[in-house]
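Structural features, examined
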Amino acid sequence: MKRMVSGIKPTGELTLGNYIGALRNFVKYQDDYELYVFIANLHCITVPIEPKELRKNLKDAIALYLACGLDPEKCTIFLQSDVYEHAQLGWIMTCMSYMGELGRMTQFKEKTSNATNESISTGLFVYPPLMAADILLYDADYVPVGEDQKQHVELTRDLAQRFNNRYSETFVVPEPLIAKVGARIMSLSDPSKKMSKSEESNKGCIYLLDDLKVARKKIMSAVTDMEGRVNYDKEKQPGVSNLLEIMSSLSGESIDSIVARYEGKGYGEFKKEVADVVCRELEKIQNRYNEILRGSLIKDTLKQGAEKAHHIAFRKLKKVQRKMGIDIF
Ligand code: ATP
Ligand code: LTN
């Protein structure tokens, strides 16, 4: 089995877009790959965050990933800070990287464009070498990420090759895996924009933990068009097409089949079914989520996950230290 590693940075509440575009892929990957998923809590502190809020976000993220179907018996789930090797290899990767290449990282440039050097944390600058360490510790073949993280995985490849050239073959050079289909669920209130948790108004975005009544209302008031027929045409009917994509990806029914069923019928009836499908899925996730928060699954999962991850990471780090000459015995 090929190995896959990915980190989750819990930046806020997860959305239906995250679920369809990313989370569900993880659940599929766990059957076909040796999957390591960790909560990137060390990456979370590159910007200031309240301890209470951070702890809640971390817990919620694990609970939701488990609720959506990640199975600790099939994959390894852990907290980045529980496996100390991440921080040490992170430092080594920081020493392997150059100011110039880190300064060219788009995410760093975007996040600091309105700030002065006196207020930008150095952690934000060395975020990518830590991410490289996360990946290289496990000899990952693939790294499933969103488009925005591709540049960081490319830097990881460069650092792996640089180390291999300088100290002999040590790291597997990983490849980014960017999901293609269902990759862009659009906002319900403005279907020209991506459904996003950072959108100003909440109306266009369904959160996985939305009250079901609220979610239903958002779908029933989703922006459509004047054509009046359920049809898949992203140019002319972006709103309806988005609802079709949501329904099809959740129910498994093809878009053609849904379109055929709705021939001669109006948007009201269609939206009602979309809402039913979405609410059914949300209800399943939320029930499981509440159960998980009440039980000890999170604690057990993280303990077991950290032990398994540490076992691999420890051996890799030892090898790196030996090659670099920073150990003595
Ligand atoms: P923001 O809303 O602040 O832009 P985000 O929801 O896009 O953030 P990320 O952490 O960048 O959050 O995304 C996590 C994963 O979810 C990525 O793989 C991304 O491609 C996927 N994703 C996010 N929004 C959508 C969407 N609307 N449709 C499909 N996939 C999405
Ligand atoms: N930077 C990523 C989170 C992340 C990650 C990783 C993803 C940290 N370490 C290693 C893949 C592999 C993000 O912001 N989503």
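This text follows the structure it describes.
Here goes a summary of the coordinates provided.

Analysis parameters
- Residues numbered from 1 in each chain as written.
- Chains lettered and ligands numbered in written order.
- Predicted model: local features only at pLDDT ≥ 70, side-chain atom pairs only at ≥ 80, totals over all residues.
- Heavy atoms only, no water.
- Helix = DSSP H or I, 4+ residues; strand = E, 2+ residues; numbered from the N terminus.
- Buried < 20%, exposed > 50% of the residue type's maximum accessible area, 1.4 Å probe, protein only.
- Contact = heavy atoms within 4.5 Å.
- Lys, Arg positive; Asp, Glu negative; His and termini not counted.
- Charge placed at Lys NZ, Arg CZ, Asp CG, Glu CD.
- Near = heavy atom within 4 Å.
- Polar contact = N/O pair within 3.5 Å; in protein donor to acceptor, adjacent residues only side chain to side chain.
- Areas by Shrake-Rupley, 256 points an atom, 1.4 Å probe, with all protein chains shown as cover.
- Nonpolar A, V, L, I, M, F, W, Y, C, P; charged D, E, K, R; others polar.
- Axes fitted to C-alpha atoms, helices over the stretch in contact; angles between N-to-C directions.
- Parallel < 35°, antiparallel > 145°, perpendicular 65-115°, else oblique.
- Left-handed = near helix turned anticlockwise from the far one by under 90°.
- Disulfide = S-S within 2.5 Å.
- Core = buried A, V, L, I, M, F, W, Y, C linked by side-chain atoms within 4.5 Å.
- Pairing = 2+ DSSP bridges.
- Phe/Tyr/Trp six-rings, centres within 6.5 Å; stacked < 30°, edge-to-face > 60°.

1. Focus on the overall build of the chain
Counting secondary structure elements, the chain contains 14 helices and five strands. With the principal axes as the frame, the chain shows a C-alpha extent of 75 × 45 × 40 Å. Counting over 329 residues, the chain shows a buried share of 49%. For the chain, the share of sequence-separated contacts (at least 6 apart) that also reach a separation of at least 24 residues comes to 75%. Of the charged side chains in the chain, 47 are positive and 45 negative; the average position of the first set lies 2 Å away from that of the second.

2. Structural notes on the site of ligand 2
Gly7, Tyr127, Met131, Asp134 and Gln149 are the nearest of the 13 residues found near ligand 2. The contact in question runs from a nitrogen atom of ligand 2 to an N or O atom on the side chain of Asp134, over 2.7 Å. In the complex, the protein chains occlude 90% of the 370 Å² of accessible area that ligand 2 would expose alone. Mapped onto the shell around ligand 2, the elements with two or more residues apiece are strand S1 (3-8) and helix H8 (127-136). Sort the elements by how many residues they give to the shell around ligand 2 and H8 lands first, with four residues. Partitioned by chemical class, the residues of the shell around ligand 2 number seven nonpolar, four polar and two charged.

3. Quick look at the packing of helix H3 (residues 51-67) against helix H13 (residues 267-294)
Packing of H3 against H13 brings their axes to within 8 Å, and their N-to-C directions diverge by 125 degrees. Judged by the angle between their axes, H3 and H13 are oblique. Handedness of the H3/H13 crossing: right-handed. On H13, the residues that touch Lys59, Asp60, Ala63, Leu64, Leu66 and Ala67 of H3 are Ile285, Arg288, Tyr289, Ile292 and Leu293. Here the residues of the contact of H3 with H13 are counted per class, giving eight nonpolar, no polar and three charged.

4. Points about the state of the cysteines
Within this structure, the stated rule accounts for zero disulfides. Among the cysteines around Cys44, which has no disulfide bond, Cys68 carries the closest sulfur, lying 18 Å off. With no disulfide partner, Cys279 has as its closest neighbouring cysteine sulfur the one in Cys205, 14 Å distant.

5. With respect to the nonpolar core
By size, the foremost hydrophobic cluster in this structure holds 61 residues, and its most contacted members are Leu16, Tyr19, Leu208, Phe270 and Val278. It is H13 that provides the largest number of residues to this core, a total of eleven residues. Aside from chain neighbours lying at most four places away, what touches Leu208 is Leu14, Thr15, Leu16, Tyr19, Leu23, Leu64, Cys68, Leu282, Ile285 and Gln286. One finds Ala133, Leu137, Val145 and Phe171 within the second-largest nonpolar core, a separate group that totals 39 residues.

6. Details of the packing of H8 against helix H9 (residues 150-167)
Packing of H8 against H9 brings their axes to within 9 Å, and their N-to-C directions diverge by 70 degrees. Classified by the angle between their axes, H8 and H9 sit roughly perpendicular to one another. Pair H8 / H9 crosses with right-handed handedness. Across the interface between the two elements, Tyr127, Pro128, Pro129, Met131, Ala132, Ile135 and Leu136 of H8 pack against His152, Val153, Leu155, Thr156, Leu159 and Ala160 of H9. When grouped by side-chain class, the residues that make up the contact of H8 with H9 number eleven nonpolar, two polar and no charged.

7. Quick notes on the pairing of S1
Burial within S1 is extensive, with five of its six residues counted as buried. By the bridge criterion, six bridges tie S1 to strand S2 (residues 34-39) in an arrangement that is parallel. Opposite Met4, over in S2, you have Leu35 as the bridge partner.

8. What to know about the packing of aromatic side chains
Counted under the stated rule, the structure contains eleven aromatic pairs. Between Phe26 and Tyr65, the ring centres sit 5.9 Å apart and the planes meet at 90 degrees, which makes this aromatic pair edge-to-face. Here Phe26 is found in helix H1 (residues 16-32), whereas its partner Tyr65 is found in helix H3, with 39 residues between them in sequence. A single burial state applies to Phe26 and to Tyr65, both of which are buried.

9. What to know about the side chain of Arg3
Tracing the backbone shows Arg3 in strand S1. When near neighbours in sequence (up to four residues on either side) are disregarded, Arg3 contacts Glu34, Tyr36, Tyr138, Asp139, Ala140, Asp141, Tyr142 and Ile312.

10. Looking at the pairing of S2
Taking burial as the measure, the six residues of S2 include five buried ones, the bulk of the element. Across four bridges, the pairing between S2 and strand S3 (residues 76-79) is parallel. When the bridges of S3 are listed, Ile39 appears paired with Leu79.

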